[in-house]
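Listed here are the chains, written in short residue letters.
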Number of protein chains: 2
Amino acid sequence: MMPEERRQKIIEILYANKSATVKNLCDQLMASEATIRRDLTVLEDEEKLERVHGGAIIQSNVPIEKEDTYNEKEGVYLYEKKQIAKVAFSYLRENDSIFLDGGTTTIELAKLIGRSRIKINVFTNAPHFTQFIAGNPKAEQFILGGRIRNNTLAVVGQLAIDTIRRFRLNKVFIGVNAISLEYGLTTPDFEEAEMKRAILEKGRERYILADASKFNKVALCEILPISAVDTIITSSLEEDEIKEKFKLEGVLLVEATKKEAGMYDYDGDA
Amino acid sequence: MMPEERRQKIIEILYANKSATVKNLCDQLMASEATIRRDLTVLEDEEKLERVHGGAIIQSNVPIEKEDTYNEKEGVYLYEKKQIAKVAFSYLRENDSIFLDGGTTTIELAKLIGRSRIKINVFTNAPHFTQFIAGNPKAEQFILGGRIRNNTLAVVGQLAIDTIRRFRLNKVFIGVNAISLEYGLTTPDFEEAEMKRAILEKGRERYILADASKFNKVALCEILPISAVDTIITSSLEEDEIKEKFKLEGVLLVEATKKEAGMYDYDGDA
DNA sequence: AATTGTATGACTGATATTGATTGTTTTTGA
DNA sequence: TCAAAAACAATCAATATCAGTCATACAATT
């Protein structure tokens, strides 16, 4: 078994049981204690679990605020996300009806909308976005109802999917965890995948917001193939080769650090 | 069982039963008294419980974080709201299904739930509450869908009212702007009044959270008469006369700064 | 073929956890 | 108030778990 594969299984076991001992994991994964301990160390560094004496426990307690301040320390990714959000904002027009999917990139777009005075209807499945968007008195907000996943704070479930089908959306903006030419758009959680698919199917213009780190990755749950979206907004990619391949799929790849025709600039408090 | 796992279970047992003896915990967790005592010492250092001779009780006086700066304009009322929220929290039990109405008092209750580990289902029409409640991994959250009023950030409208009717709620907690014996509960916005009425009609136990400044006031839109609620939790009122009149209407008036039977004390030095 | 890098498991001294035992403190009830 | 009972803290030895080191295995690269 490959190391990554084994670590993925550790996470799965932890999500199922909330905790696991080292011995336990050894038996299930046919690995030595040393290997399991090394895996746990790696996964703890990635903040995917919490080590305790004897094993590990899952800490599904990941408030968005914490994540935000974490990224703020990281710096570089937050900057990229802000750049991507600016480009996405430049695609908005007065009287658009848009959908904003939950995520750390789309939240930057929500903040931009909240600081602007654009007249717009915003649907979202991310309850915590509303306080940012509310800063713009000309924005009308709608939230999907349903159960909330505590770690991403996104609404998921059948009620939400049923509701989204009742609206006509002009533009939809979705964040994903992984983009691959072969496997399309994928994300780790099944219910979120269902939700994102339903949203994409309702949008007339479909935008994916994803920084460069998301490319050529695959997560557990399939959303849709690449061809199901119109535009991917990302931070700058090194390889031109990748861009060409996306063009062949009928997808426009926009890089945040370069200007494209048809965009107008948005500059914070202008 | 791993130490951390066992300590989490201790917290769970305490939330379910409000208190536990050392012997009791020994039996449930198959550990010696020495081990349990050590666990209790650790958990007390982490301020997750309070040790007493013979065992431990829950002590939900959670560390106050920076959030005060956000609400600083509220000033003296914020203290009253926190006190009211603490009393409201003391009415919660494991596996309750509650509704939390949007408002500046109920948000303090949301924060308490988020910092606790009580197992509870929370329905709300206030999207911005979700990030607080998400701090508690054992809380399941549901949000009503619909249009959001930008000034209160509460979901209103027919879709939300239709949705709330599909659920059975154990306890509902509502904030109001004005309470009057003659005119009942009133609030300035028509749609919010509709919403609050729908919620109150669904609740088995109905609690109103209102500080003393809300009494003997009338706002534009009628919600329901006083008799439609079971308990009003408020800060201390000067006049005993008022309390008597509420009692005649079949409403229990609880003052946050005084102790009442049936409440468990969760702030030792209050 | 030699080298580099990574992954793995075995080993070892260090650290943490546990239950028993002891003597001390607190509670209880006459 | 006093004495018995209960609960407690401190200590110790046995056990479990941990982190670090080393040698081996294997694949990719030189």
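What counts, and at which threshold
Residues numbered from 1 in each chain as written. Chains lettered and ligands numbered in written order. Predicted model: local features only at pLDDT ≥ 70, side-chain atom pairs only at ≥ 80, totals over all residues. Helix = DSSP H or I, 4+ residues; strand = E, 2+ residues; numbered from the N terminus. Buried ≥ 20, exposed ≤ 12 C-beta atoms within 10 Å, placed from the backbone. Contact = placed C-beta atoms within 7 Å. Pairing = 2+ DSSP bridges. Axes fitted to C-alpha atoms, helices over the stretch in contact; angles between N-to-C directions. Nonpolar A, V, L, I, M, F, W, Y, C, P; charged D, E, K, R; others polar. Near = placed C-beta within 6 Å. Parallel < 35°, antiparallel > 145°, perpendicular 65-115°, else oblique. Core = buried A, V, L, I, M, F, W, Y, C linked by C-beta atoms within 7 Å. pLDDT = per-residue confidence, 0-100. Expected span 1.5 Å × (residues − 1). Arc of directions from axis to C-beta.

## Structural notes on the overall build of chain A
So, step 1. Looking only at helices and strands, one finds 10 helices and 15 strands in chain A.
So, step 2. For chain A, buried positions account for 40% of its 270 residues.
So, step 3. Contacts in chain A between residues far apart in sequence, at least 24 positions, make up 62% of those at least 6 positions apart.

## Concerning the sheet that holds strand β1 (residues 19-21) of chain A
Residue and element names in this part refer to chain A.
So, step 1. Reading across the sheet, the 3 strands line up as β1-β3-β2 and stay open at both edges, with antiparallel pairing between neighbours. Each edge of the open sheet is held by one strand with a lone partner, namely β1 and β2 (50-52). Looking at each pair of strands side by side, their axes are set apart by 20° on average, direction ignored.
So, step 2. Taken together, the 3 bridges between β1 and strand β3 (residues 55-57) define a ladder with antiparallel strand orientation. Within β3, the residue paired with Ser19 across the bridge is Ile57.

## Some details on the interface of chain B and chain A
So, step 1. Counting residues at the interface gives 24 residues for chain B, matched by 31 residues for chain A.
So, step 2. In terms of residue count, the dominant contributor to the side of chain B that touches chain A is strand β6 (residues 139-143) of chain B (4 residues).
So, step 3. In terms of residue class, the side of chain B that touches chain A is made up of 11 nonpolar, 9 polar and 4 charged.
So, step 4. With 3 bridges joining them, strand β7 (residues 146-149) of chain A and β6 of chain B adopt antiparallel strand pairing. The partner of Arg147 of chain A across the bridge, within β6 of chain B, is Phe142 of chain B.

## Some points on the protein's contact with DNA strand C
So, step 1. In the vicinity of DNA strand C, 13 residues are found, and the nearest of them are Ser32 and Thr35 of chain A together with Ser32, Ala34 and Thr35 of chain B.
So, step 2. For the surface near DNA strand C, the elements supplying multiple residues, two or more each, are α3 (33-45) of chain A together with α3 (33-45) of chain B.
So, step 3. At 3 residues, the largest contribution of residues to the surface near DNA strand C is made by α3 of chain B.
So, step 4. When grouped by side-chain class, the residues that make up the surface near DNA strand C number 6 nonpolar, 6 polar and 1 charged.

## Overview of the packing of helix α1 (residues 3-17) of chain B against α3 of chain B
Residue and element names in this part refer to chain B.
So, step 1. Relative to each other, α1 and α3 sit at 75°, their axes nearing to 10 Å. Classed by the angle they form, the pair α1 and α3 counts as roughly perpendicular. For the pair formed by α1 and α3, the contact residues are Arg6, Arg7, Ile10 and Ile11 on the first element and Asp39, Val42 and Leu43 on the second.
So, step 2. Looking at the contact of α1 with α3 residue by residue, the classes come out as 4 nonpolar, no polar and 3 charged.

## What about the protein's contact with DNA strand D?
So, step 1. Contacts to DNA strand D come from 15 residues, most closely from Val22 and Gly54 of chain A together with Val22, Arg37 and Gly54 of chain B.
So, step 2. Those elements that provide at least two residues to the surface near DNA strand D are α2 (22-29) and α3 of chain A together with α2 (22-29) and α3 of chain B.

## Brief notes about the nonpolar core
So, step 1. Ranked by size, the top nonpolar core spans 131 residues in total, and within it Ala88 and Phe173 of chain A together with Ala88 and Phe173 of chain B carry the most contacts.
So, step 2. Among all residues touching Ala88 of chain B, those that are not within four sequence positions of it are Leu109, Phe173, Tyr207, Leu209 and Ile233 of chain B.

## Some thoughts on the sheet that holds strand β11 (residues 184-187) of chain B
Residues and elements named next belong to chain B.
So, step 1. Taken in spatial order, the 3 strands of this open sheet run β10-β11-β13, and their pairing is antiparallel. Looking at strand neighbours, the two that pair on one side only are β10 (178-180) and β13 (221-224), the edges of this open sheet. Averaged over neighbouring strand pairs, the angle between their axes works out to 35° when direction is ignored.
So, step 2. Bridge count for β11 against β13 is 3 bridges, and the pairing is antiparallel. Looking at β13, one finds that Leu185 is bridged to Leu224.
So, step 3. Running over the sheet, helix α9 (residues 190-202) touches β11 and β13 and is turned about 5° from β13.

## Considering the confidence of the model for chain A
Residue and element names in this part refer to chain A.
So, step 1. When pLDDT is averaged across chain A, the result is 84; 87% of the residues are at 70 or more.
So, step 2. Counted against residues more than four places away or in other chains, residues 61-75, with its pLDDT under 50, gives 16 contacts.
So, step 3. Segment residues 258-270 is flagged for pLDDT under 50; beyond a separation of four residues in sequence, or across chains, it makes 12 contacts in the model.

## A look at helix α6 (residues 106-115) of chain B
Along an α-helix, residues three or four positions apart point the same way, because every turn accommodates 3.6 residues.
So, step 1. Taken across its 10 residues, α6 of chain B has 9 buried, putting it largely inside the fold.
So, step 2. Of the positions making up α6 of chain B, those classed as buried are Thr106, Ile107, Glu108, Leu109, Ala110, Lys111, Leu112, Ile113 and Gly114 of chain B.

## Some thoughts on helix α9 (residues 190-202) of chain A
Residues and elements named next belong to chain A.
So, step 1. Over its 13 residues, α9 runs 19 Å from end to end, which matches the ideal 18 Å to within 8%, given 1.5 Å per residue.
So, step 2. All of the buried residues along α9 are Glu192, Ala193, Met195, Lys196, Ile199 and Leu200. Buried residues in α9, looked at end-on, bunch into an arc of 160°, giving them a common side.

## Some points on unusual backbone geometry
Residue and element names in this part refer to chain A.
So, step 1. Phi at Asn95 is positive, roughly 70°, even though this residue is not glycine.
So, step 2. Along the chain, Asn95 turns up in the loop between α5 (76-90) and β4 (96-100).
So, step 3. Its identity as a non-glycine residue notwithstanding, Leu153 has a phi of 60°, on the positive side.
So, step 4. Relative to the elements of secondary structure, Leu153 occurs in the loop between β7 and β8 (154-156).

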